[in-house]
Each structure stands twice: as structure tokens, then as C-alpha cells.
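One letter stands for each residue in the lines below.
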Number of protein chains: 2
Amino acid sequence: MKPKIRLCVEHPLGEGQQVALTREQAHYLFGVMRLGPGDVVGLFNGCDGEWRATVEDAGKRGGLLACQAQSGPQVMPPDLWLMFAPVKKAQTQFIVEKAVEMGARRILPVLTAFTNSERLRVDKQQAHALEAAEQCGATHVPEVAEPQRLDRLLADWQGRRILFADESAVGGAVSLSGLEPGPWAVLIGPEGGFSEAERSRLRGMDCTTAISLGPRILRAETAAVAALTLWQQAVGDWR
Amino acid sequence: MKPKIRLCVEHPLGEGQQVALTREQAHYLFGVMRLGPGDVVGLFNGCDGEWRATVEDAGKRGGLLACQAQSGPQVMPPDLWLMFAPVKKAQTQFIVEKAVEMGARRILPVLTAFTNSERLRVDKQQAHALEAAEQCGATHVPEVAEPQRLDRLLADWQGRRILFADESAVGGAVSLSGLEPGPWAVLIGPEGGFSEAERSRLRGMDCTTAISLGPRILRAETAAVAALTLWQQAVGDWR
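Residues numbered from 1 in each chain as written. Chains lettered and ligands numbered in written order. Predicted model: local features only at pLDDT ≥ 70, side-chain atom pairs only at ≥ 80, totals over all residues. Heavy atoms only, no water.

Caption draft 1: Examining the overall build of chain A more closely. A count of helical and extended segments in chain A gives seven helices and 12 strands. Each principal axis of the C-alpha atoms in chain A carries an extent, and together these give about 60 × 35 × 35 Å. Counting every position in chain A, which comprises 239 residues, the buried fraction comes to 54%. Contacts spanning at least 24 positions in sequence make up 71% of the contacts within chain A whose residues lie at least 6 apart. When the accessible surface of chain A is summed, it comes to about 11,000 Å², and 49% of that surface belongs to carbon and sulfur atoms. Here chain A contributes 26 positively and 28 negatively charged side chains, and the mean placements of these two sets differ by 4 Å. (Helix = DSSP H or I, 4+ residues; strand = E, 2+ residues; numbered from the N terminus. Buried < 20%, exposed > 50% of the residue type's maximum accessible area, 1.4 Å probe, protein only. Contact = heavy atoms within 4.5 Å. Areas by Shrake-Rupley, 256 points an atom, 1.4 Å probe, with all protein chains shown as cover. Lys, Arg positive; Asp, Glu negative; His and termini not counted. Charge placed at Lys NZ, Arg CZ, Asp CG, Glu CD.)

Caption draft 2: Layout of the domain arrangement of chain A. Residue and element names in this part refer to chain A. We note that the domain assignment places domain 1 (6–72) and domain 2 (80–235) within chain A. Measuring from the centre of the C-alpha atoms in domain 1 to the corresponding centre in domain 2 gives 33 Å. The partner domain 2 presents eight residues to the seven residues of domain 1 that form the contact. In total, domain 1 and domain 2 occlude about 590 Å² of area from one another, counting both sides; carbon and sulfur atoms represent 59% of this. Looking at the side of domain 1 facing domain 2, the largest losses of area belong to R6, C8 and F44, adding up to 74% of the total buried there. The interface formed by domain 1 and domain 2 includes zero salt bridges. Our count for the domain 1 to domain 2 interface comes out at six residue pairs in polar contact (both at pLDDT 80 or more). Residue contributions to the side of domain 1 that touches domain 2 peak at three residues, all from strand β1 (residues 6–8). A breakdown of the residues in the side of domain 1 that touches domain 2 according to their chemical character gives three nonpolar, two polar and two charged. (Domains from an automatic or database assignment. Buried area = accessible area lost by both parts, 1.4 Å probe. Salt bridge = Lys/Arg side-chain N within 4 Å of Asp/Glu carboxyl O. Polar contact = N/O pair within 3.5 Å; in protein donor to acceptor, adjacent residues only side chain to side chain. Nonpolar A, V, L, I, M, F, W, Y, C, P; charged D, E, K, R; others polar.)

Spelled out as C-alpha cells, the structure:
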């Protein structure tokens, strides 16, 4: 049985390896979760897989863990980006969390014609991504990139395929069966949709596939989970 | 262009039909959304389709709308239930909202072996379902049923097919291509998963199909959207 409490650390992991805790990690493990010496924690760092570690020293401001044995391999999610138009802070946090659970490897906030975003704190969203990875059993924490303008991003686009949710698209089921494997990005527009210019720009690119997400209007976070589901099921790690 | 502000009313709708507003509806339209006489609202009642109506009288405690013309047909979602194990209030509200967006026709909270739920106020969740229908452009408001024990529900089960997310299932893609049309229920377990007894009970029923939702642990609301996506894409109204 894998440890229920998992921690992402910036530290090499290996047999007998000791890991010093930051103040925040010590507070979480010993203050919030009430662990003490001898208790077991799962550790990962994004490259060495998952390790079972025991608490050797528990303090208020720090502590020491010791790796015992590897409890799982390093698993990279498929080469999939989630690009989405951020709006409100709580919703952005939610989309970041869902992207991690759904196995996106990289998260890119994009500013579209109809994006009217609050300022996005990338460091805070990165922390949310880390927490989500700890909770969903992942061993990789997706990078949250700096927000970029969609028009500039597409102007320099290097051929990665794009699956975008288009309210005017029909027959999503047909196009999905033919998705090719390889690097992809799922693109979710803001709640006002894409502008006409953005839509025709996207439709004019060779690397894009438009899909329908049904007859109802989905909120951005629902659309993100739905589109990532369709991709994972068609060519990702849900197969 | 359809009206952006939509209201679900308990009133027959038809050409020239006048609709009196409740105090809450008047507050929303005139206090919150700042509408006034002559402004346009979309109306639906779950059976007469969507109607374009204009404000005839706007007061603080009430008001009067008049239907002008039908702006959309009555659309029933597929015969799909979402059964889920409620946990915290905010998350339950979220799942109800997502179920409406994703086109479930009926929402059934189920109490499983590992459900440790706060008391669920069905009237409040029904109000959230109504709001979600107003926002997502639906003309049907799913019923939120009283919570029921899963074991009792399954003991009286009448043959409706069940798609359930099983953490121990593999090869979801294979089974989905063969889903039969007809009445279905999507069943999402609590975050602790189903008990062994529940799992073997479900697997032993003729009408059940187990699917995998990938290698990561999904939160209940993510699992609900993902499973509903797979169903809608395979046999629902996303085809």
C-alpha cells in the first residue's frame, strides 16, 4: 500500500537518501497532518520516481526524512499542453488543478481577444500545480508558463498539433477517432468564445483540429476537463 | 442572437403570454442585472422551449414579462442519470452544476460504504441545478433526487445500464466503443473509492460497464465530468 501523504521535494531521491524539510513542509507534515518519527510519507521530485520515506526528525521549523525504498516509477504524462484563457483567480486555480489531474504536461495561460483576466500570479499557480500533483498521485509537476498573447503564440507556432474547442464545430466524434499520436496542445477559449479572427486563424492552420463539446455552453473548467478527457481517451495515457 | 440573460420560470410560455415574476426573479433582473422596461430576457420552463420575452413592468418586489416569440425548441438531454457520492457542500454544488452542463437528465446523490457526507439540502441543490441550466443554455432542469443508499438502490435496480468509474478497471477505450444506446446512469464513487463489496456487487450485475479514468487519482467532480464526457461522446448528444 502506497503512503497516503505525498510530498514533492526539490532533492535527489534514492535508497538511504536523507531529505531535509523546509519550514512549510515541516508545518504541513507535523503540524497539520500530525505525523511524527517513524511515520511514512511518499516522496517524489519529478525525476526519481516515488519513494517511501520515514520521518527521522520532526520539528516545528524543519525535519528530516529518510528514503527507504522506491514505491513507484517516474511516470511522465503524455506530451500534452493545456492552453486556456484565465479569467478569475479561483477559476484559474481550478483549471490548473484539473489540468494536473488530467495529465497535462505543461500549462500555458493564453490571453485571447475576449480575455479579461485578473493579474495571474504564476508562482501561486505553480504552487497549486504542485499540490495537485501531490494529491492525484502524479510524479511529475507540470510547469505553469507565463501568460502569453494567443496571437503572438500562434505567429511563432512550431507545428505541435492543437485540439481546440470550437462552439461552431459539429461532429467531434468523427474527427477524434483519427487523432495522430505525438505532441499536442488542448486549447480552451474564454467564456465569451474566440473572436472571429482567432477562429479563422486557428481553422486555417494545418496542425489544428476543432472539436465540439456538445450542445450546452460549458464553463471554462468544464470544457478543459472534457477536452482533456477526449484527448486522453483517443491518444493519451487513458488508452 | 439569443438573449444572454435566461430565466427558468414555473409558468406556461407561448406567444403573447404574460409572466409574473417572483420577488427573487425581479431582484435578479432589475436589481442585479439592471434590466428595465423593453429589455429582452430568455425564458424557459422545462417543456415549452425557449422564448424571447420583454420586460413590461419592473418593480422592486415583482414585475411582468411578455413572451414575444419562441427562440429555441424544447431540448431534453439524453436519458442519463448521474449518481454520485456527496461529500462536502461546496463540492456537491459543483458536481450538480457540472452534471447540468454535461447534460445529465437526473441527479441522484448516493450514500456508499465510504461516503461521509455532510447533510445534503436537496432544495438548495435543486436551486443550483436551475441556475446552472439558466447559464448553460439548457431548456431542461434536471431533478435532484433525495439521497439514497447505494446498496438499497442496487437491490431494486430495474435494468438501466450503469457506467461506473472503477479504479481497478483497465482498457476503458475498448469497452466504450461498444456502449449500447438507451437509458444509462453514470456512477461516481467517493474519493475513497467503492468498497470491495460494492465493487463486486456492481461487477456482478449484467447492466454495468466498468471504465478506467486513467492512471491518476481524480477528484469526484473531475471524475464526474470525465465520465459524462466519455458517455456523451459515445452514445449521448455530443455525437
